[in-house]
Amino acid sequence: MSSITPIITVDGPSGCGKGTLSVFLAKKLGWHLLDSGALYRVLSLAAKLHAVRLDNHSALEVLGQHLDVCFEFDENTNVIHAVLEGQDITHEIRTESCGSDASKIAAIPGVRKALFERQRAFLESPGLIADGRDMGTVIFPEAQLKLFLDADPAIRAKRRFNQLQAMGVNANLDDLFLEINQRDIRDRQRTISPLVPAEDAIIIDTSNLSIEEVVARSMALVGGVFPDVLMNQKKRTGG
Ligand code: DC
């Protein structure tokens, strides 16, 4: 059954707009949403809580296998709430230091293996929007539409800065720029599941595009690949 469930993957580096686009698409189409980066972030926070060092690969792998986490999407605020062992940690996982720790543990093969099935389990009818780094290459290679968003690092740093400010998280633009570059290098150059576009991905450079323009381009692509989905969606909303 799951082999025919439609999937759109949205991959790209931090701050390219993929999170905003993914939330938009999930809401518009009424599909499920996987924010895979949040899983790596939650695991890095769980490691801290359980005093597991980031260089203890086997302990991180076990922690990943038993991670007690759930995600709840708030339709009103567009925020995906993360609950770890009963505690709401939505804000804690959004800091740059958590992003940087997530990127470090994401380079460990055992960790990626531990989180593989958990990510696949998000694939449920009527469809899935999967946001991450390796969604189109490794986790959902069968996806019918693969988008890869990219943007100039300075622009991504500024966007992250604005996002964090809006969330009430303190940030420094120069530090963010440095951290984004370090994270890019780590994510793009790691040996396992590096951040690269899938061969059949459509690349959208969002450097000079507003989010509305990114959404419009993506929706045109969605309409081309899933004409029935958009037709049904129009009927439901009377659009
Ligand atoms: O998308 P994000 O900034 O929340 O992701 C945090 C880190 O997690 C990112 O720097 C690398 C890692 N990650 C990954 O390796 N694979 C994914 N599919 C998603 C995130």
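Just so you know, these numbers come straight off a predicted model, no measurement behind them.

Below, the discussion takes up the pairing of strand 3 (residues 69-74). As paired elements, strand 3 and strand 4 (residues 79-84) share six bridges and run antiparallel to each other. Counterpart to Phe-73 in the pairing with strand 4 is Ile-80. The antiparallel pairing of strand 3 with strand 4 creates a hairpin that spans four residues between the two strands, and Asn-78 there sits at a positive phi of about 65°.

What follows covers the nonpolar core. Soluble globular proteins: nonpolar side chains tend toward being buried together. Ranked by size, the top nonpolar core spans 24 residues in total, and within it Val-42, Leu-43, Leu-60, Leu-67, Ile-89, Ile-93 and Val-111 carry the most contacts. Elements supplying a minimum of two residues to this core: helix 2 (36-49), helix 3 (57-65), strand 4, helix 4 (96-105) and helix 5 (109-120). It is helix 2 that contributes the most residues to this core, eight residues altogether. Filtering out sequence-adjacent residues up to four positions away, Val-111 remains in contact with Tyr-40, Leu-43, Leu-60, Glu-61 and Ile-105. With 22 residues, the next largest nonpolar core counts Cys-16, Val-23, Leu-147 and Leu-209 among its residues.

The strand order across the open sheet formed by five strands is 2-6-1-7-8, and the pairing between neighbours is parallel. Looking at strand neighbours, the two that pair on one side only are strand 2 (32-35) and strand 8 (202-205), the edges of this open sheet. Mean inter-strand twist for the sheet, computed between neighbouring axes without regard to direction, equals 20°. Relative to strand 6 (residues 128-132), strand 2 runs parallel, the two being bridged by four bridges. Its bridge partner lying in strand 6, Leu-33 is registered against Ile-129.

Analysis parameters
- Residue numbers restart at each chain and count upward from 1, following the sequence in its written direction.
- Only residues with pLDDT of at least 70 get local features here, since the model is predicted, and only at 80 or more are side-chain atom pairs given and counted; chain-wide, interface and lining totals rely on the full set of residues.
- In computing side-chain values, all of the structure's heavy atoms are included and hydrogens and water are not.
- Criterion used throughout: strands pair if DSSP finds at least two bridges between them.
- Each helix is a run of DSSP H or I of at least 4 residues and each strand a run of E of at least 2, with the numbering of both proceeding from the N terminus.
- Put simply, buried Ala, Val, Leu, Ile, Met, Phe, Trp, Tyr and Cys residues joined by side-chain atoms within 4.5 Å make one nonpolar core.
- A simple rule labels every residue: compare its accessible area, found with a 1.4 Å probe on the protein chains alone, to the largest value its type can have, and call it buried under 20%, exposed over 50%, or partly exposed in between.
- Throughout, a residue-residue contact means that at least one pair of heavy atoms, one from each residue, lies within 4.5 Å.
- An axis is simply a line fitted to the C-alpha atoms; with a helix, the fit covers only the stretch in contact. Between two such axes, the angle follows the N-to-C directions and lies from 0 to 180 degrees.

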